[in-house]
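# Survey of secondary and tertiary structure
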Amino acid sequence: LPLWAHFRKFLLDEALAGARDIIAELVNELRDQYDPHPDLFNWSARTLESLSQGQDVASVTLRYELKMLRMLGHQPALEQCAECGRAVGGESKLAFGLVHGGMLCPRCRGGKRHVVHMSADAWNLLGVSARSQDAAEPGAPPGRRGYGEARAVMNRYLAHLVGHPLKMHEIM
């Protein structure tokens, strides 16, 4: 089959086309212009393949973003405080410091600017997604509790990293 035939679904399905465009925008915005980064491109291709096989777009996209951030050295600290290293969790509302690059414990979050709050459900979903090693790994079912908050935190963090809101996140 010609290459385009493998990705025909991306032309016909609006959600898949949006995910494809998010992946392309992230690759363009987050990597250095002349850095070939073959692992990132292989991960992107595997993610697109998973999406074309019917995996849940929302969970695959979230896993893609988190692994991409890890590959590029921007993985957010989700298990421990980004400032002091203490374990986080066990609270109903948790704080994510955009400038600090991850979670902030109650002791460190006071007086910080650019902090986004999320529920324990959203934090758990981000943690599970960040630990995933494969785009095709079964993900959270659509509508899972905390997904909207997790998506909002990721959108804000990615916008902070690139210096502006991503176009495709505004559209999707």
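Predicted model, so just to flag it, every value in this text is computed and none were measured. (Residues numbered from 1 in each chain as written. Predicted model: local features only at pLDDT ≥ 70, side-chain atom pairs only at ≥ 80, totals over all residues. Heavy atoms only, no water.)

## A word on the overall build of the protein
How we decide: Secondary structure elements are defined from DSSP: runs of H or I of at least 4 residues count as helices, runs of E of at least 2 residues count as strands, and each element is numbered from the N terminus. Exposure classes here rest on a 1.4 Å probe applied to the protein chains alone. A residue is buried below 20% of its type maximum, exposed above 50%, and partly exposed in between. Contacts between residues were defined by any pair of non-hydrogen atoms, one from each residue, lying within 4.5 Å. Areas reported here follow the Shrake-Rupley algorithm with a probe of radius 1.4 Å; residue values treat only the protein chains shown as occluding.
When helices and strands are counted, the protein shows nine helices and three strands. Ordered by position in the sequence, the α and β elements of the protein form the string α-α-α-α-α-β-β-α-β-α-α-α. In the protein, which comprises 172 residues, the share counted as buried stands at 43%. A fraction of 64% describes how many contacts in the protein between residues 6 or more apart in sequence connect residues 24 or more apart. As presented, the protein carries roughly 9,200 Å² of accessible surface, and 53% of it is formed by carbon and sulfur atoms.

## Quick word on helix H8 (residues 147–162)
Going by this rule: For a helix, the expected span equals 1.5 Å multiplied by the residue count minus one.
Between its first and last C-alpha atoms H8 spans 22 Å; for 16 residues at 1.5 Å apiece the expected length is 22 Å, and the two agree. What H8 keeps buried is the set Ala 150, Arg 151, Val 153, Met 154, Tyr 157, Leu 158, Ala 159 and Val 162.

## A word on the state of the cysteines
Selection criterion: Note on terminology: pairs of cysteine sulfur atoms within 2.5 Å are recorded as disulfides.
Per the counting criterion, the structure on display carries zero disulfides. No disulfide involves Cys 84; its sulfur sits 3.7 Å from the nearest other cysteine sulfur, which is in Cys 108. With relative accessibility at 37%, the residue Cys 84 sits in the partly exposed group.

## So, the pattern of salt bridges
Applied cut-off: By definition, a salt bridge exists where a carboxyl oxygen of Asp or Glu is found within 4 Å of a side-chain nitrogen of Lys or Arg.
Throughout the structure, instances matching the rule amount to six salt bridges. The partner of Glu 65 in a salt bridge is Arg 151, and the shortest N-O contact between them spans 2.6 Å. Pair noted here: Glu 65 is in helix H5 (residues 57–71) and Arg 151 is in helix H8, with a separation of 86 residues, a long-range link. Judged by relative accessible area, Arg 151 falls into the buried class, the value being 14%. Measuring nitrogen to oxygen at the nearest pair gives 3.6 Å for the salt bridge that ties Lys 93 to Glu 149. Linking Lys 93 in strand E1 (residues 93–97) with Glu 149 in helix H8, this pair joins segments that are 56 residues apart in sequence.

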